[in-house]
Every structure is written in structure tokens, then in C-alpha cells.
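# Summary of the model geometry
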Amino acid sequence: IVQGIPKHRPTVTLNVYDLGTSGKVQLANSVLRHFGGGLFHCGVEVNGMEWSYSDIQGAPGEVVQGTGVFSCQPRQCDGHTFCESIHMGKTILMPIEVLELLAQLEPEWPAASYDTLKRNCCHFSNTMCLKLGVGQIPRWIMNLATAGNAVVNGSSGCCTRSANGMLYCCTSDPAGATVIDEEVLVDVGAMPTYAHGPGSENDSKHLEDE
């Protein structure tokens, strides 16, 4: 240990997914990244597991009591399409302290408090990264409300998981939630196209801030 920091600190990685499994969302995100946002799910990988947050439901509109914090194998979250991994650095916590942090976060992030725009998986991941001592997640991941939500047809992207493993997309009325499938979720026909790759400036900003 040097100056109170463990010598062998676990690495923290932010795994980012295009919301759902529709290829249309992936296409939309490739454009929305130029505007500093998109429709994303994300989770924090540390100690060999990935942790995130969702509104866990038994059926559309039926919220299950308990925490919305869940884990999965890294880069393999059901219902979403893996996009990229972002190295966040090494945590200031020992592995046992990471488990203690998760035990603290679970009651603080109940499934019932999930909000599509104000308290979602991206907000949870940001809070967890801050508590792990690796700083905030990149700003473009948090900008669903400003960029991504503007192109969703009558609904907002979300990370609502059901007890049977299906992924639901919330509408303004939770009782009207519908299952995400390969239908067109966004209208990209009128959106501009670009010859260069998405979001290169935003991608590098996080590393510059460290």
C-alpha cells in the first residue's frame, strides 16, 4: 500500500450498449453521437462482473419490490447490443470494499424509483464510478434527455427488465409499456449522414479530463 491506496486495485470499465437490439437504434446512435447523445444502456465492470440498474417488472406496469441493481457477465447484458468499453481507471477500493459499496447501493436504488430520464442505468453507473473513485462517466452517455429522446416516436428509451428476462420499452404511461423488438423505433430517414466516425471528440474527452 502506498499513501493509503491499495497496490493491486481493481480496474473499472464502463460497458456501453445501444439500447435494445434493433439495428435502427444502432444507426440512430451513430448519428446522435455527433450531437452529444443517444439511446444507451451502460454498466460498470469491476472484479469480473458488470453492475447496472433497471426497472424490473413481472409484467408491463407491475413493478417488483426490491432493488433495481443487477449484475451480468461483462458486455453480455440481455436485451441490449454491446457497443464499446471505456477504461475508467483503477478504483481506490479493495475488492471486499467494492462488495460493501454494492451492498450500500442496492437499497439506495430500488426498482420503484427508476425514472427513464432522471434516474436510469446511466445515472447509476455515474454514481457507482464516482464512489469507486474513477470520476464521472463521459457526458455523451448521459444526454438521452436532450438528444436521444427527441427522436423517439412517442416514447422514451429505458432499461426496464421483466422477471422473465424480456426487455420492455416504457411509454409515458407505464401501463402501456410495449416489448422492444426489431420494429422501427426511431426515424432516421431525415437525419444527416457523415463520412467520418461518430463522436471522436467526445470519445477522447474523458481521457483528457483524467
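To start, this report covers the structure provided alongside it. (Residues numbered from 1 in each chain as written. Predicted model: local features only at pLDDT ≥ 70, side-chain atom pairs only at ≥ 80, totals over all residues. Heavy atoms only, no water.)

### A word on the packing of aromatic side chains
Tallied over the full model, the rule gives six aromatic pairs. Grouping aromatic residues by their ring pairs yields a cluster made of Y53, W109, Y114 and F124. Positioned over the ring face of W140 is R33, at 3.6 Å from the centre of the ring. Here R119 stacks its cationic end above the ring of W109, 3.8 Å away from the centre of that ring. (Phe/Tyr/Trp six-rings, centres within 6.5 Å; stacked < 30°, edge-to-face > 60°. Lys NZ or Arg CZ within 6 Å of the ring centre and 35° of its normal.)

### Points about the pattern of salt bridges
This structure, assessed with the given rule, holds two salt bridges. Two residues, R75 and E45, come together in a salt bridge whose shortest N-O distance is 3.2 Å. On the criterion of sequence distance, the pair formed by R75 in the loop between strand 6 (69–72) and strand 7 (81–90) and E45 in strand 2 (residues 40–46) is long-range, its members being 30 residues apart. (Salt bridge = Lys/Arg side-chain N within 4 Å of Asp/Glu carboxyl O. Helix = DSSP H or I, 4+ residues; strand = E, 2+ residues; numbered from the N terminus.)

### Quick look at the pairing of strand 1 (residues 11–18)
Along strand 1, seven of the eight residues are buried, which leaves the element largely enclosed by surrounding structure. Inspection of the sheet shows strand 1 paired to strand 2 by six bridges, in the antiparallel sense. Its bridge partner being in strand 2, D18 is matched across the sheet by F40. (Buried < 20%, exposed > 50% of the residue type's maximum accessible area, 1.4 Å probe, protein only. Pairing = 2+ DSSP bridges.)

### Some remarks on the nonpolar core
Of all hydrophobic cores here, the largest spans 29 residues; its most connected members are V12, L14, M88, F124, M128, L132 and I141. Taken together, the elements giving at least two residues each to this core come down to strand 1, strand 2, strand 3 (49–53), strand 7, helix 2 (95–108) and helix 3 (121–132). The element best represented in this core is helix 3, accounting for six residues. (Core = buried A, V, L, I, M, F, W, Y, C linked by side-chain atoms within 4.5 Å.)

### Some points on the environment of V64
In this structure, V64 sits in the loop between strand 5 (62–63) and strand 6. The class of V64 is partly exposed, set by a relative accessible area of 35%.

### Considering the sheet that holds strand 1
Sheets are built from strands paired through backbone hydrogen bonds, the pairs being either parallel or antiparallel. As summarised here, the arrangement of the five strands in space is 6-3-2-1-7, forming an open sheet in which the pairing is antiparallel. The sheet is open, and its two edges are formed by strand 6 and strand 7, each paired on a single side. Mean inter-strand twist for the sheet, computed between neighbouring axes without regard to direction, equals 30 degrees. Bridging between strand 1 and strand 7 involves eight bridges; their strand directions are antiparallel. The residue of strand 7 that forms the bridge with Y17 is F82. Against the sheet, helix 3 engages strand 1, strand 2, strand 3, strand 6 and strand 7, with an angle of about 25 degrees to strand 2. (Axes fitted to C-alpha atoms, helices over the stretch in contact; angles between N-to-C directions. Contact = heavy atoms within 4.5 Å.)

### With respect to helix 1 (residues 23–32)
One turn of an α-helix holds 3.6 residues; hence residues three or four places apart share an orientation. For helix 1, the full list of buried residues reads V25, A28, N29, V31 and L32. The arc that holds the buried residues of helix 1, viewed along the axis, is 160 degrees, so those residues lie on one side. In this fold, the buried residues of helix 1 make contact with strand 1 and strand 2. Of the residues flanking the start of helix 1, the one acting as N-cap is S22, its side-chain oxygen 3.1 Å from the backbone nitrogen of K24. (Arc of directions from axis to C-beta. Polar contact = N/O pair within 3.5 Å; in protein donor to acceptor, adjacent residues only side chain to side chain.)

### A few points about the side chain of T91
Tracing the backbone shows T91 in the loop between strand 7 and helix 2. Relative accessible area serves as the criterion here: at 0%, T91 is assigned to the buried category. There is a polar contact of 3.0 Å between the side chain of T91 and the backbone nitrogen of L93. Within polar-contact distance, the side chain of T91 engages the backbone oxygen of L132 at 2.8 Å.

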